[in-house]
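Given next are the chains, with one letter for each unit.
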Amino acid sequence: MNIWKYCEEAETAREHCEPEQHIAEYQIGFEDKYTFYFPDVAQEKLENGIYSGDNEIVGNILKILEEENFKNRRLSRNSVIKLNTGVTNFLMTFEAQEANISDSIMKLNQLILEPKKFSGYLYFTVLKEICNDLCNKVRKEKGIQRNKLIEDIQNYIKENYQNANLGLATISIKFGISEGYVSTLFKEQTEINFAEYVESIRLKKARTLLKESNHTIEEIAAMVGYNSVHSFRRAFKRVHGMSPRDYR
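Each value, and the rule that gives it
Residues numbered from 1 in each chain as written. Predicted model: local features only at pLDDT ≥ 70, side-chain atom pairs only at ≥ 80, totals over all residues. Heavy atoms only, no water. 1 Å grid on protein atoms, 1.4 Å probe; cavity = no way out; pocket = protein on both sides within 12 Å on 5 of 7 lines; lining within 4 Å. Points joined across faces, edges and corners; volume = space filled by probe spheres on them. Helix = DSSP H or I, 4+ residues; strand = E, 2+ residues; numbered from the N terminus. Nonpolar A, V, L, I, M, F, W, Y, C, P; charged D, E, K, R; others polar. Core = buried A, V, L, I, M, F, W, Y, C linked by side-chain atoms within 4.5 Å. Buried < 20%, exposed > 50% of the residue type's maximum accessible area, 1.4 Å probe, protein only. Contact = heavy atoms within 4.5 Å. pLDDT = per-residue confidence, 0-100. Axes fitted to C-alpha atoms, helices over the stretch in contact; angles between N-to-C directions. Parallel < 35°, antiparallel > 145°, perpendicular 65-115°, else oblique. Polar contact = N/O pair within 3.5 Å; in protein donor to acceptor, adjacent residues only side chain to side chain. Left-handed = near helix turned anticlockwise from the far one by under 90°. Phe/Tyr/Trp six-rings, centres within 6.5 Å; stacked < 30°, edge-to-face > 60°. Lys NZ or Arg CZ within 6 Å of the ring centre and 35° of its normal.

A. Structural detail: the layout of surface pockets. One number sums up the size of the largest pocket: a volume of about 210 Å³. Lining of the largest pocket is provided by 11 residues; of these, Lys5, Glu9, Glu67, Glu68 and Asn72 occupy positions nearest its centre. Those elements that place two or more of their residues in the lining of the largest pocket are helix H1 (3-15) and helix H3 (55-70). Here the lining of the largest pocket gets four residues from one element, more than from any other, and that element is H3. Among the residues making up the lining of the largest pocket, the classes are represented as four nonpolar, two polar and five charged.

Quick look at the structure:
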């Protein structure tokens, strides 16, 4: 997380190199101690952290910003106000995701309006709470979306289990997501892998057909999506401990 900051410092140090001195170690004195620090790269990383719902990343970025603004620099009141303007403008970009973001921004503005009580620590404590709330809402929304997606995939499998070619590639194309994501999502949400779930649907239907129909084993194997009766028999015996014929 510190690499982007170190790169900025290295660039600042390079600008202070001279023909007779090719190496310069970064010093805070190379920069204006009275100018607030909230560069575009920090905003971009903070935004990405929030949209990924990663509280740890967001916390690390805010820690860097807090130390840079209120430990390494001596911000005037005017610079603090400008920092707050940059922060509140940044937070307003989440207005569509958070209906109460204006109330959160008011908390920050209220701190600025009380200069005698103001402290960088308190300011960033409130800012962390706001960003953590945004992260939590993003994770919740993603959870809802994942649950809906896995439900749609499960319904699709139940409707198409007869297709012997039904696999990760089919689901990937149907729902416009990668095979790896399908596999990971399935394991996370159902606690079994994709192949096991498809097999369970097929064998459940096979058991019903074995008990309630006069179809041959070969016909049932084809009806529930197996390429061959041999693979059907193997799968059935592995799961149920007996052959389809014995089950019938």
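B. The arrangement of the nonpolar core in detail. One finds Ile50, Leu91 and Leu127 to be the most contacted residues of the largest nonpolar core, which totals 31 residues. Secondary-structure elements contributing two or more residues to this core are helix H2 (40-51), H3, helix H4 (77-92), helix H5 (101-112) and helix H6 (120-160). Sorting elements by how many residues they give to this core places H6 first, with eight residues. In contact with Leu91, other than residues within four places in its own chain, are Ile101, Ile105, Leu108, Leu127, Ile130, Cys131 and Leu134. Among the nonpolar cores identified, the runner-up in size contains 29 residues, and Ile153, Val198, Leu210 and Ile220 belong to it.

C. Inspection of the confidence of the model for the protein at higher detail. For the protein, the average pLDDT comes to 89, and 96% of its residues sit at 70 or higher. Least confident of the elements in the protein is H1, whose mean pLDDT is 81; most confident is H3, at 94.

D. Examining the packing of helix H7 (residues 168-175) against helix H8 (residues 179-190) more closely. It is the contact of H7 with H8, at a shortest axis distance of 8 Å, that shows an interaxial angle of 105°. Taken together, the axes of H7 and H8 are roughly perpendicular relative to one another. Packed against H7, whose contacting residues are Leu168, Ala169, Ile171 and Ser172, the element H8 presents Glu179, Val182 and Ser183 at the interface. Residue composition of the contact of H7 with H8, by class: four nonpolar, two polar and one charged.

E. Layout of the side chain of Asn84. Counting through the fold element by element, Asn84 comes out in helix H4. A polar contact of 2.6 Å, which involves the side chain of Asn84, links it to the side chain of Tyr123. The residues touching Asn84, leaving out its near neighbours within four places in the chain, are Leu108, Asn109, Ile112 and Tyr123.

F. The packing of H3 against H6, seen in detail. Closest axis-to-axis distance for the H3/H6 pair is 10 Å, and the angle between their directions is 160°. Compared by their axis directions, H3 and H6 come out roughly antiparallel. The way H3 lies across H6 gives a crossing that is right-handed. Contacts between H3 and H6 involve Asn55, Val58, Leu62, Leu65, Glu66, Asn69 and Phe70 from the first element and Gly120, Tyr121, Phe124, Leu127, Lys128, Cys131, Asn132, Cys135, Asn136 and Arg139 from the second. Looking at the contact of H3 with H6 residue by residue, the classes come out as nine nonpolar, five polar and three charged.

G. Local environment of unusual backbone geometry. With a phi close to 65°, Glu191 is a non-glycine residue in the positive phi region. The residue Glu191 is located in the loop between H8 and helix H9 (194-212) in this model.

H. Summary view of the packing of aromatic side chains. Counting across every chain of the model gives 13 aromatic pairs. Seen in terms of ring centroids, Phe70 and Phe118 are 5.9 Å apart; in terms of plane orientation they differ by 55°. Their pairing is tilted. Of this pair, Phe70 sits in helix H3 while Phe118 sits in the loop between H5 and H6, and the two are 48 residues apart along the sequence. Taking the relative accessible area as the measure of exposure, Phe118 reaches 22% and is therefore partly exposed. Here the aromatic cluster, defined as three or more aromatic residues joined through ring pairs, consists of Phe38, Tyr51, Phe90 and Phe94. The side chain of Arg202 reaches across the aromatic face of Tyr226, ending 5.8 Å from its centre. Sitting above the plane of the Tyr247 ring, Lys211 keeps its charged end 5.0 Å from the centroid.

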